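Chain by chain, the residues:
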Amino acid sequence: MKTGTDRVKRGMAEMQKGGVIMDVINAEQAKIAEEAGAVAVMALERVPSDIRAAGGVARMADPTIMEEVMAAVSIPVMAKARIGHIVEARILEAMGVDYIDESEVLTPADEEYHLLKSEYTVPFVCGCRDLGEAARRIGEGAAMLRTKGEPGTGNIVEAVRHMRQVNAQVRKLITMDDAEIMTEAKLLGAPFEVLMEIKRLGRLPVVNFAAGGVATPADAALMMQLGADGVFVGSGIFKSENPAKFARAIVEATTHYQDYELIASLSKGLGSAMKGIEISSLAPEARMQDRGW
Amino acid sequence: MVKVGVLGLQGAVREHVRAVEASGAEAYVIKWPEELKEMDGLIIPGGESTTMRKLIDKYHFMPELKQFATEGKPIFGTCAGLILLAKEVVGYEEPHIGVMDVRVERNSFGRQRESFEADLDINGVAEDFSAVFIRAPHIVEAGENVEVLAKHNGRIVAAREGQFLGCSFHPELTEDHRLTQFFVKMVAETKEKTTV
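Cut-offs applied
- Along each chain, residue indices are assigned from 1 in the same order as the chain's sequence is written.
- Written order decides the labels, with chains lettered from A and ligands numbered from 1.
- Reporting of local features is limited, given that this is a predicted model, to residues whose pLDDT is at least 70; pairs of side-chain atoms are given and counted only at 80 or more, and all residues count toward the totals for whole chains, interfaces and linings.
- Only hydrogens and water are set aside; all other atoms, that is, all heavy atoms of the structure, feed into the side-chain values.
- UniProt positions are given in the numbering used here, feature names are shortened, and annotations may be inferred rather than shown by experiment.
- To define axes, lines are fitted to C-alpha atoms, for helices over the stretch in contact only, and angles between the resulting N-to-C directions are given on a 0 to 180 degree scale.
- Only DSSP runs of H or I reaching four residues or more are called helices, and only runs of E reaching two or more are called strands; each is numbered from the N terminus.
- Throughout this description, any angle smaller than 35 degrees is read as roughly parallel, any larger than 145 degrees as roughly antiparallel, any in the 65 to 115 degree range as roughly perpendicular, and the remainder as oblique.
- By definition in these notes, contact holds between two residues if any of their heavy atoms fall within 4.5 Å.
- The nonpolar class holds Ala, Val, Leu, Ile, Met, Phe, Trp, Tyr, Cys and Pro. Asp, Glu, Lys and Arg form the charged class, and all remaining residues, Gly among them, are polar.
- Only protein chains enter the accessibility calculation, which uses a 1.4 Å probe; a residue is then buried when its area is under 20% of its type maximum, exposed when over 50%, and partly exposed in between.
- Patch membership is restricted to residues that have no salt bridge and whose relative accessible area is over 30%. Joining uses 9 Å for like charges and 5 Å for the nonpolar side chains Val, Leu, Ile, Met, Phe, Trp and Tyr.
- Residue burial considers only the protein chains on display, and all accessible areas are found by Shrake-Rupley using a 1.4 Å probe.
- Within this document, salt bridges are pairs made up of a side-chain nitrogen of Lys or Arg and a carboxyl oxygen of Asp or Glu, the two lying within 4 Å of each other.
- For the charge count, each Lys or Arg is scored as positive and each Asp or Glu as negative, with His and the chain ends excluded.
- All charge positions are set by atom: Lys at NZ, Arg at CZ, Asp at CG, Glu at CD.
- Strand pairing requires that DSSP identify at least two bridges connecting the strands.
- A pair of aromatic rings is counted whenever rings of Phe, Tyr or Trp (Trp by its six-membered ring) have centres within 6.5 Å, and the orientation is called stacked for planes under 30 degrees apart, edge-to-face for over 60 and tilted otherwise.
- The rule is short: NZ of Lys or CZ of Arg within 6 Å of the ring centre and within 35 degrees of the ring normal puts a charge over the ring.

By the naming in an unreviewed UniProt entry, chain B goes by Pyridoxal 5'-phosphate synthase subunit PdxT and is assigned to Mesobacillus persicus. Annotation of chain B in UniProt includes, under Subunit (unreviewed entry), the sentence "In the presence of PdxS, forms a dodecamer of heterodimers. Only shows activity in the heterodimer." According to UniProt, the comment filed for chain B under the heading Pathway (unreviewed entry) is "Cofactor biosynthesis; pyridoxal 5'-phosphate biosynthesis."

Per an unreviewed UniProt entry, the recorded name for chain A is Pyridoxal 5'-phosphate synthase subunit PdxS, and the organism is Mesobacillus persicus. For the record of chain A, the UniProt heading Sequence similarities (unreviewed entry) holds the text "Belongs to the PdxS/SNZ family." Check the Catalytic activity (unreviewed entry) section of the UniProt entry for chain A; it says "aldehydo-D-ribose 5-phosphate + D-glyceraldehyde 3-phosphate + L-glutamine = pyridoxal 5'-phosphate + L-glutamate + phosphate + 3 H2O + H(+)".

Dropping the structure here:
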């Protein structure tokens with residue numbers, strides 16, 4: 001019997017496919033998310049838009065919040081650790097969190113190195129904007145990927161850019177001759193073995209969810225059409241006017257992402273979505289997606 | 001060729017489709033209840049059972065799923081699918097589809113860090129089956145007509161009751177399709193009997 005194998009870690013993410021993972025900050029929100037049909041919740045101290053507003057250093061949440069949320073729901077519970085923060089990650093693992101997001105939403109603890117995720121029993125999800133970043137994270141042991149998007153903005157444009165970019169680069173890679181892969185690895189800054197694996201499979205070896213800016217059911221369905229395996233919704237749900245209704249609508253739109261009549265009816269009378277931010281209005285230091293190396 | 005539907009509301013749908021096709025049957029992703037009618041057998045995949053149940057209710061799948069079972073057509077539930085099939089779920093007053101005479105406990109091996117791979121001896125299927133358990137349930141109690149197919153550390157992890165096949169683990173996550181082939185054979189035999 002073996003725990004923490006690639007199959008077990010990647011398999012856990014496979015079971016989340018076609019589903020929605022929702023950010024929650026307490027047990028009450030976690031229950032609303034589970035009731036709405038979320039496949040998992042991400043337990044946080046603050047949702048990304050509030051992290052943005054609060055400024056300062058954003059760290060792993062108080063373990064009390066994770067404990068409360070784990071006790072409240074039967075679905076998997078994820079939590080965020082700072083990039084490169086070995087001890088935050090080990091704390092979350094020791095607490096029995098089901099998945100760790102090594103996340104650019106928090107202030108990085110290491111500006112050179114990410115966690116060596118292959119050393120942990122708990123699986124990790126990481127953000128990516130292109131194939132080089134995706135392959136580096138897989139090389140370090142990430143068992144799941146997500147677009148970085150631009151968290152806490154309610155603006156889908158960056159998640160679209162990142163999903164299209166990764167998928168276009170995967171398509172290009174799988175048409176390449178084997179002899180060309182090493183140079184591609186050099187150009188992308190990607191591990192050669194991971195690129196060979198992607199070429200052999202004809203796809204990424206782990207699931208890739210959409211994240212960072214999903215604010216409406218239509219946004220979720222858009223990301224699914226662009227090839228996302230599922231959707232993370234951060235600030236979108238509990239910053240909307242009617243979270244329970246909004247959450248249910250996003251779950252349904254993700255399941256039936258090509259059924260436009262259904263999505264039209266789901267989108268009716270939802271109340272206002274979260275207030276969005278135009279990306280060009282963000283100062284360079286406020287761009288979370290540029291964190292990670 | 002028999003037609004096997006894979007309930008496509010959430011979870012490891014694509015992997016089951018691949019396994020069914022590799023086992024010599026036609027695979028269909030089932031997203032709406034009326035699509036069930038054409039199927040000879042059904043697989044309920046792994047995923048989150050609470051999410052699948054919400055969507056089953058939302059799209060009024062329940063009467064059609066029960067009808068499918070009443071007609072004697074085979075159903076195979078893996079992990080979350082087993083939970084949906086069971087007549088009793090530990091800690092819950094009501095079952096979901098509630099057709100297979102087993103009592104199951106959710107997440108009974110622990111959280112994700114306790115998820116594991118283990119080799120199983122599956123009676124009549126394989127002696128060396130590499131099985132992947134992810135936040136897996138197990139069968140606490142099996143009814144008298146239930147045939148126990150495999151155990152891990154004394155816990156029942158695969159069983160068959162006539163037309164129903166259930167397992168705690170994820171055969172769709174490996175390249176070993178012997179358990180899916182076993183189910184496809186169940187579907188073919190049932191179809192043959194009903195058309196004669």
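Back to the write-up after that little detour.
Engineer: Now, about the packing of helix α7 (residues 157-175) of chain A against helix α9 (residues 192-201) of chain A: what can you tell me, with residues and values included?
Structural biologist: Residues and elements named next belong to chain A. Running from N to C, α7 and α9 point in directions that differ by 80°, and their axes come no closer than 9 Å. The angle between the axes of α7 and α9 places the two elements in the roughly perpendicular class. Listed contacts from α9 to Val 170, Leu 173 and Ile 174 of α7 are Leu 195, Ile 198 and Lys 199. Tallied by class, residues from the contact of α7 with α9 come to 5 nonpolar, no polar and 1 charged.

Engineer: Describe the UniProt feature "active site" (unreviewed entry) in chain B, and please don't skip the residues or the numbers.
Structural biologist: The UniProt entry lists Cys79(B), His170(B) and Glu172(B) under the feature "active site" (unreviewed entry), expressed in the numbering used here. For the residues just named, distributed over 94 residues, the greatest C-alpha separation is only 10.8 Å, placing them together at one site. Of note, His170(B) is situated in the loop between β12 (164-167) and α5 (178-195). With residues near it in sequence (within four places) discarded, His170(B) still touches Met15(A), Gly46(B), Cys79(B), Val132(B) and Ile134(B). Along the chain, the position of Glu172(B) falls in the loop between β12 and α5. The exposure class assigned to Glu172(B) is buried, which follows from its relative accessible area of 4%.

Engineer: Hey, could you go over a negative patch on the surface for me, with residue numbers and the actual values?
Structural biologist: Residues and elements named next belong to chain A. Among the surface-exposed residues, Glu 45, Asp 62, Glu 67 and Glu 68 lie close enough to one another that they form a single negatively charged patch. Residue position: Glu 45 is located in the loop between β3 (40-43) and α3 (48-54). Overall, the relative accessible area of 42% leaves Glu 45 in the partly exposed class.

Engineer: Would you mind going over unusual backbone geometry in detail, with residue names and values included?
Structural biologist: Residues and elements named next belong to chain B. For Asn 107, which is not a glycine, the phi torsion comes out positive at approximately 40°. Summarising the element assignment, Asn 107 is placed in the loop between β6 (100-105) and β7 (116-122). Looking at Asn 107, the relative accessible area reads 25%, which means it is partly exposed. Even without glycine at this site, Arg 135 takes up a positive phi of about 40°. On the secondary structure map, Arg 135 appears in the loop between β8 (126-133) and β9 (138-142).

Engineer: Mind laying out the pairing of β12(B), listing which residues take part and the relevant values?
Structural biologist: All names here are of chain B. Burial along β12 is two-sided: Phe 164 and Gly 166 facing one way and Leu 165 and Cys 167 facing the other are all buried. Pairing analysis gives 4 bridges linking strand β4 (residues 75-78) to β12, with the strands arranged parallel. Residue pairing across strands places Thr 78 opposite Cys 167, the latter belonging to β12. As paired elements, strand β11 (residues 155-161) and β12 share 4 bridges and run antiparallel to each other. The partner of Ala 158 across the bridge, within β12, is Cys 167. Hairpin connection, β11 to β12: the antiparallel pair is bridged by 2 residues, and Gly 162 has positive phi, about 55°.

Engineer: Report on the packing of aromatic side chains, specifying residues and quantitative values.
Structural biologist: This structure, assessed with the given rule, holds 9 aromatic pairs over all chains. Cation over ring: Arg155(B) sits above Phe109(B), and NZ or CZ is 4.8 Å from the ring centre.

Engineer: So what's going on with the sheet that holds β8(B)? Which residues, and what values?
Structural biologist: Where strands meet in a sheet, backbone hydrogen bonds hold them as pairs that are either parallel or antiparallel. Taken together, 3 strands build an open sheet; the order of strands is β1(A)-β7(B)-β8(B) and the sheet is antiparallel. Both outer strands of the open sheet, β1 (2-3) of chain A together with β8 of chain B, are each paired with one neighbouring strand and no more. Looking at chain direction, β7(B) and β8(B) are connected through 6 bridges and run antiparallel. Looking across to β8(B), one finds that Phe116(B) is bridged to Phe133(B).

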